[in-house]
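What follows is the residue order along each chain.
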Amino acid sequence: MIQRVQSIWLFLAAIVLVLMLFLPVLTKENKTVETSIHTVGLYQDVVGKPGPGLLKEQFTPLLITNIVVALLCFVNIFNFRKRTLQKRIAVFSIIAIGAFAFWCSIFAQKLPGGIDGAHFDFGAYLPAVSILFCVLAIVGINKDEKLIRSAERLR
């Protein structure tokens, strides 16, 4: 059923990955310009000027990867009848999120002037949170398998 606990964990993992689209990963401030890295691209904003930043460079492959990994977690919710497949996809999701986080760090080095003096924002920690949610989903799948095996023994 969809209301199992692993469905909630997988949904939260997908939500966290969608949040990465909107939250900055890394920010670096100079005296006049604030530069931030999102999974969408590189933004520059003039310090003291209100309004949104200007998109300087777009990271389309990173954006597509972010969306695909989020969809992978979300679609895995509906594999509740095939627990072994759901567990395999969750493990693959963990590997994909780890690779995505590594790829984000490579794109973070495209920051003008390097990453020296930059600080990590909330978006940098979201892949770790989504990996945690996927691990909790695997724990929930294992508990379901154990429960079903014990119920079949009673038959």
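Residues numbered from 1 in each chain as written. Predicted model: local features only at pLDDT ≥ 70, side-chain atom pairs only at ≥ 80, totals over all residues. Heavy atoms only, no water.

## Some remarks on the UniProt feature "transmembrane region" (unreviewed entry) in the chain
Moving on, step 1. As recorded in UniProt, the sites labelled "transmembrane region" (unreviewed entry) are residues 7-26, 59-78, 90-110 and 122-141.
Moving on, step 2. Secondary structure content for residues 90-110 is 90% helix and 0% strand, while the C-alpha to C-alpha distance between its ends is 31 Å. (UniProt positions renumbered as here; feature names shortened; annotations may be inferred. Helix = DSSP H or I, 4+ residues; strand = E, 2+ residues; numbered from the N terminus.)

## Looking at the pattern of salt bridges
Moving on, step 1. What the rule picks out here adds up to three salt bridges.
Moving on, step 2. Put simply, arginine 4 and aspartate 144 hold a salt bridge, and the shortest N to O gap is 3.4 Å. Taken together, the residues arginine 4 in the segment before helix 1 (5-19) and aspartate 144 in helix 4 (residues 126-154) connect sequence positions 140 residues apart.
Moving on, step 3. A relative accessible area of 24% places arginine 4 in the partly exposed class.
Moving on, step 4. Of the residues examined, aspartate 144 reaches a relative accessible area of 15% and is grouped as buried.
Moving on, step 5. Among the charged side chains, a network of salt bridges with common partners joins Lys87, Glu145 and Arg149. (Salt bridge = Lys/Arg side-chain N within 4 Å of Asp/Glu carboxyl O. Buried < 20%, exposed > 50% of the residue type's maximum accessible area, 1.4 Å probe, protein only.)

## Topic: the sheet that holds strand 5 (residues 119-120)
Moving on, step 1. Pairing in this open sheet of five strands is antiparallel, and the strands run 4-3-2-1-5 from one edge to the other. Each end of this open sheet is capped by a strand with a single partner; those strands are strand 4 (54-58) and strand 5. (Pairing = 2+ DSSP bridges.)

## A short note on the state of the cysteines
Moving on, step 1. Under the defined criterion, the tally for this structure stands at zero disulfides.
Moving on, step 2. Cysteine 73 carries a free sulfur, and the closest cysteine sulfur to it, the one in cysteine 134, is 3.9 Å from it.
Moving on, step 3. The exposure class of cysteine 134 is buried, given its relative accessible area of 0%. (Disulfide = S-S within 2.5 Å.)

## Brief notes about the packing of helix 2 (residues 60-75) against helix 3 (residues 83-108)
When two helices pack together, their arrangement is given by the angle between the helix axes and by the axis-to-axis distance.
Moving on, step 1. Across the interface, helix 2 lies against helix 3 with an axial gap of 10 Å and an inter-helix angle of 160°. Here helix 2 lies roughly antiparallel to helix 3, going by the angle between them. The element helix 2 and its partner helix 3 pack so that their crossing is left-handed. Contacts between helix 2 and helix 3 involve Pro61, Leu62, Thr65, Asn66, Val69, Leu72 and Cys73 from the former and Ile89, Phe92, Ser93, Ala96, Ile97, Phe100, Trp103, Cys104 and Phe107 from the latter. (Axes fitted to C-alpha atoms, helices over the stretch in contact; angles between N-to-C directions. Parallel < 35°, antiparallel > 145°, perpendicular 65-115°, else oblique. Left-handed = near helix turned anticlockwise from the far one by under 90°. Contact = heavy atoms within 4.5 Å.)

## Remarks on the packing of aromatic side chains
Moving on, step 1. Evaluation of the coordinates by the stated rule reveals five aromatic pairs.
Moving on, step 2. For the pair phenylalanine 11 and phenylalanine 74, a centre-to-centre distance of 6.2 Å together with 55° between the ring planes defines the contact as tilted. Of this pair, phenylalanine 11 sits in helix 1 while phenylalanine 74 sits in helix 2, placing them 63 residues apart in sequence.
Moving on, step 3. Under the relative-accessibility criterion, phenylalanine 74 is labelled partly exposed at 33%.
Moving on, step 4. Grouped by ring-pair contacts, the aromatic residues Phe11, Phe74 and Phe78 constitute a single cluster. (Phe/Tyr/Trp six-rings, centres within 6.5 Å; stacked < 30°, edge-to-face > 60°.)

## Structural notes on the environment of leucine 26
Moving on, step 1. Mapped onto the elements of the fold, leucine 26 is located in strand 1 (residues 26-29).
Moving on, step 2. Assessed through its relative accessible area of 2%, leucine 26 is described here as buried.
Moving on, step 3. Once the C-alpha coordinates of leucine 26 and alanine 118 are considered, the two residues, 92 residues apart in sequence, prove to be 6.7 Å apart.
Moving on, step 4. Setting aside anything within four residues of it in sequence, one finds leucine 26 in contact with Thr35, Ser36, Ile37, Ala108, Leu111, Ile115, Ala118, His119, Phe120 and Asp121.

## Here's the deal with the packing of helix 1 against helix 2
Moving on, step 1. One can describe the packing of helix 1 onto helix 2 by two numbers: an axis separation of 8 Å at closest approach and a directional angle of 165°. It follows from the interaxial angle that helix 1 and helix 2 lie roughly antiparallel. Considering how the two elements wind past one another, helix 1 and helix 2 form a crossing that is left-handed. Contacts between helix 1 and helix 2 involve Leu10, Phe11, Ala13, Ala14, Leu17 and Val18 from the first element and Asn66, Val69, Ala70, Cys73 and Phe74 from the second.
Moving on, step 2. Split by residue class, the contact of helix 1 with helix 2 holds ten nonpolar, one polar and no charged. (Nonpolar A, V, L, I, M, F, W, Y, C, P; charged D, E, K, R; others polar.)

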